[in-house]
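# A closer look at the structure
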Amino acid sequence: MNRGFSLSSSSFAIPAADNVTSSSVFGSAASAFQASSSGINGASKPENETAPPPQFTFEASSLLENEWRSTEWSEEVREALVKTVRSFKPPSETVTEARVLLLGPVGAGKSSFISSVQSVFSGRVLNRAMVGSSSSTSFTKKLRSYTIRGAGEDTDEPTALVLCDVMGVGEGEGTGLTLHDALSVIKGHAPEGHQFSPEQPIGAETVGFIRTPSTNDKVHCVVFVIDGSKVGSYAKSFGATFQQLREHISNLGVHQVALLTHVDQVCNATRSDITQVYKSRAIQQAMEKAGQLLGMATSYIVPVKNYCSELDLDENTDVLLLKAVDHILQYVNLFFQDDSD
Ligand SMILES: Nc1nc2c(ncn2[C@@H]2O[C@H](COP(=O)(O)OP(=O)(O)OP(=O)(O)O)[C@@H](O)[C@H]2O)c(=O)[nH]1
Ligand SMILES: [Mg+2]
């Protein structure tokens with residue numbers, strides 16, 4: 001009987017890589033894994049537990065003369081991107097949907113991104129994945145997979161994109177998603193609706209545990225979600241945590257990208273006009289900081305502004321969100337290309 005992976009009370013064994021090849025896309029491996037089942041951060045206390053975290057100060061708030069990534073902002077671009085996502089099919093004979101998992105600190109905007117993407121496709125702002133307020137404990141407690149659906153002529157027609165929402169990674173011990181559970185979800189062992197609990201790691205005893213996941217059950221791309229307004233003040237331990245996670249995820253052959261959210265709170269000019277996003281020095285610096293935190297080149301990271309207080313969609317906000325989805329789908333494709341090699 002396949003019992004998945006073994007656990008002990010003092011430490012847990014990381015599930016084997018399920019015979020998938022390690023991806024060469026990612027940089028050097030992070031430090032050796034040393035985690036406990038108490039939390040994704042491991043047993044050690046956050047380094048800055050006694051001292052308040054340093055505030056993120058940007059060197060400059062001015063705008064660059066030219067965009068550092070050229071972007072077209074128009075209704076045509078928006079429509080073209082919608083079409084691309086709607087017509088997306090995973091390049092695989094057996095898999096019909098791309099499963100994309102959002103991982104990141106509590107309150108970073110994971111659920112908001114899912115709701116925002118669904119809003120774009122629904123033609124109105126809605127809260128599909130339940131969004132919390134910024135706090136120290138994760139608002140999302142269960143694994144929920146959301147198939148993004150079209151609207152208009154193709155009313156409710158599902159796209160092949162499934163965005164998976166999980167509990168956020170906490171700063172302290174015993175709070176938030178554990179490394180073990182994150183990897184279990186990525187490997188396809190976790191049942192839909194599973195309620196995360198650091199005391200009850202996902203294993204053979206978990207109700208609905210998927211013993212032999214198919215490629216359909218597995219996650220095909222992981223998206224790290226980082227709050228741009230907090231990127232400089234996250235606990236130092238987050239950096240080590242994310243880099244450990246990335247190492248394990250890379251060993252599973254799953255590509256990773258990142259979203260920098262809350263860009264409206266990083267730069268005032270961008271708050272009033274989202275098309276300034278690639279001219280903002282502050283956002284450029286926040287993206288670099290996010291890259292350092294994740295051990296990831298900036299080319300994997302895209303900025304987004306989620307819908308949060310708005311009641312109406314905005315064409316340019318849609319373009320930025322759709323560009324992020326398009327970026328993610330490129331790395332989904334790489335998973336299937338690697339798989340068929
Ligand atoms: N200004 C602004 N607020 C945002 C943005 N994205 C999310 N928020 C707000 O940030 C808060 C947390 O958002 P969530 O989507 O619940 O974050 P989460 O990552 O799902 O959090 P947990 O489920 O608790 O781990 C909410 O109040 C959102 O409205 C953004 O791009 N800009
Ligand atoms: Mg959430």
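Cut-off values and rules
Residues numbered from 1 in each chain as written. Chains lettered and ligands numbered in written order. Predicted model: local features only at pLDDT ≥ 70, side-chain atom pairs only at ≥ 80, totals over all residues. Heavy atoms only, no water. Pairing = 2+ DSSP bridges. Helix = DSSP H or I, 4+ residues; strand = E, 2+ residues; numbered from the N terminus. Axes fitted to C-alpha atoms, helices over the stretch in contact; angles between N-to-C directions. Contact = heavy atoms within 4.5 Å. Core = buried A, V, L, I, M, F, W, Y, C linked by side-chain atoms within 4.5 Å. Buried < 20%, exposed > 50% of the residue type's maximum accessible area, 1.4 Å probe, protein only. Expected span 1.5 Å × (residues − 1). Phe/Tyr/Trp six-rings, centres within 6.5 Å; stacked < 30°, edge-to-face > 60°. Near = heavy atom within 4 Å. Polar contact = N/O pair within 3.5 Å; in protein donor to acceptor, adjacent residues only side chain to side chain. 1 Å grid on protein atoms, 1.4 Å probe; cavity = no way out; pocket = protein on both sides within 12 Å on 5 of 7 lines; lining within 4 Å. Sits in = over half its atoms within 2 Å of the grid points. Nonpolar A, V, L, I, M, F, W, Y, C, P; charged D, E, K, R; others polar. Right-handed = clockwise from strand over helix to strand, strands pointing away. Patch = residues over 30% accessible without salt bridge, like charges linked within 9 Å, V, L, I, M, F, W, Y side chains within 5 Å. Areas by Shrake-Rupley, 256 points an atom, 1.4 Å probe, with all protein chains shown as cover. Salt bridge = Lys/Arg side-chain N within 4 Å of Asp/Glu carboxyl O. Lys, Arg positive; Asp, Glu negative; His and termini not counted. Charge placed at Lys NZ, Arg CZ, Asp CG, Glu CD. Donors = N, O, S within 2.8 Å, 3.2 Å for Na, K, Ca; no water. pLDDT = per-residue confidence, 0-100.

## A closer look at the sheet that holds strand S6 (residues 301-303)
Here we have 6 strands laid out as an open sheet, ordered S2-S3-S1-S4-S5-S6, and mixed in their pairing. Of all the strands in the sheet, just strand S2 (144-149) and S6 have a single pairing partner and so form its edges. In this sheet, adjacent strand axes meet at a mean angle of 25° when their direction is disregarded. Note that strand S5 (residues 255-261) and S6 share 3 bridges and pair parallel. If you follow Ala 258 over to S6, its bridge partner there is Ile 301. Against the sheet, helix H4 (residues 236-251) touches strand S1 (98-103), strand S4 (221-227) and S5, its axis set at about 165° to S4.

## Remarks on the nonpolar core
Core analysis: the largest hydrophobic core is formed by 91 residues, its most contacted members being Leu 103, Phe 113 and Phe 224. When residues in this core are grouped by element, the largest group, 12 residues, is from helix H8 (residues 315-340).

## Topic: helix H2 (residues 110-122)
Relative to the 18 Å expected for 13 residues at 1.5 Å per residue, H2 spans 18 Å between its end C-alpha atoms, a close match to the ideal helical length. For H2, the buried fraction is high: 12 of the 13 residues fall into the buried class. Looking at H2, one finds that the buried residues are Lys 110, Ser 111, Ser 112, Phe 113, Ile 114, Ser 115, Ser 116, Val 117, Gln 118, Ser 119, Val 120 and Phe 121. Phi turns positive, to about 80°, at Gly 123, one or two residues after H2.

## Things to note about the packing of aromatic side chains
Counted by the stated rule, this structure contains 6 aromatic pairs. Arranged with centres 5.3 Å apart and planes meeting at 80°, the rings of Tyr 234 and Phe 238 form a pair that is edge-to-face. Each member of the pair, Tyr 234 as well as Phe 238, is classed as buried. On the basis of an interplanar angle of 85° and a centroid distance of 5.2 Å, the ring pair of Phe 335 and Phe 336 is categorised as edge-to-face. For Phe 335, a relative accessible area of 7% gives the class buried. Through a chain of ring-to-ring contacts, three or more aromatic side chains come together here, namely Phe 224, Tyr 234, Phe 238 and Phe 242.

## Thoughts on the site of ligand 1
Lining the immediate environment of ligand 1, one finds 21 residues, of which Lys 110, Ser 112, Gly 132, Phe 139 and Asp 264 sit closest. Within the contact set of ligand 1, an oxygen atom lies 2.9 Å away from a backbone nitrogen or oxygen of Gly 109. The contact in question runs from an oxygen atom of ligand 1 to an N or O atom on the side chain of Ser 112, over 2.5 Å. Of the pockets mapped on this structure, ligand 1 occupies the largest pocket. Those elements that place two or more of their residues in the shell around ligand 1 are H2 and helix H5 (263-266). Broken down by class, the residue content of the shell around ligand 1 amounts to 6 nonpolar, 12 polar and 3 charged.

## With respect to unusual backbone geometry
With a phi close to 60°, His 262 is a non-glycine residue in the positive phi region. With respect to the helices, strands and loops of the structure, His 262 is situated in the loop between S5 and H5.

## Some thoughts on the pairing of S5
Every other side chain in a regular strand lies on the same face of the sheet, so the side chains alternate between the two faces. A large share of S5 lies buried, amounting to 7 of its 7 residues. Along S5, one buried face is formed by His 255, Val 257, Leu 259 and Thr 261 and the opposite face, lined by Gln 256, Ala 258 and Leu 260, is buried too. Across 7 bridges, S4 lies against S5 in parallel orientation. Each bridged residue has a counterpart across the sheet, and for Val 223 the counterpart in S5 is Val 257. Considered for its hand, the β-α-β crossover made up of S4, H4 and S5 is right-handed.

## Focus: a negative patch on the surface
Residues Glu 72, Glu 76, Asp 314 and Glu 315 make up a contiguous surface patch of negative charge. Tracing the chain through its elements places Glu 72 in the segment before helix H1 (75-87). Overall, Glu 72 belongs to the exposed group, its relative accessible area being 56%.

## What about the coordination of the magnesium ion (ligand 2)?
Ligation of the magnesium ion (ligand 2) by protein atoms is provided by Ser 111 (OG) and Thr 140 (OG1), these donors lying 2.0 to 2.1 Å from the ion. Taken as a pair, Ser 111 in helix H2 and Thr 140 in the loop between H2 and S2 lie far apart in primary sequence, 29 residues in all. The pair formed by Ser 111 and Thr 140 is uniform in burial state, with each residue classed as buried.

## A closer look at the confidence of the model for the protein chain
Taken over all residues, the pLDDT of the protein chain has a mean of 83, while the share at 70 or more is 79%. Ignoring residues within four places in sequence, the model shows residues 1-55, a span with pLDDT below 50, making 106 contacts including any to other chains.

## Brief notes about the side chain of His 327
Structurally, the position occupied by His 327 is in helix H8. Once residues lying within four places of it in the same chain are set aside, the contact partners of His 327 are Val 257, Ser 299, Tyr 300, Ile 301 and Val 302.

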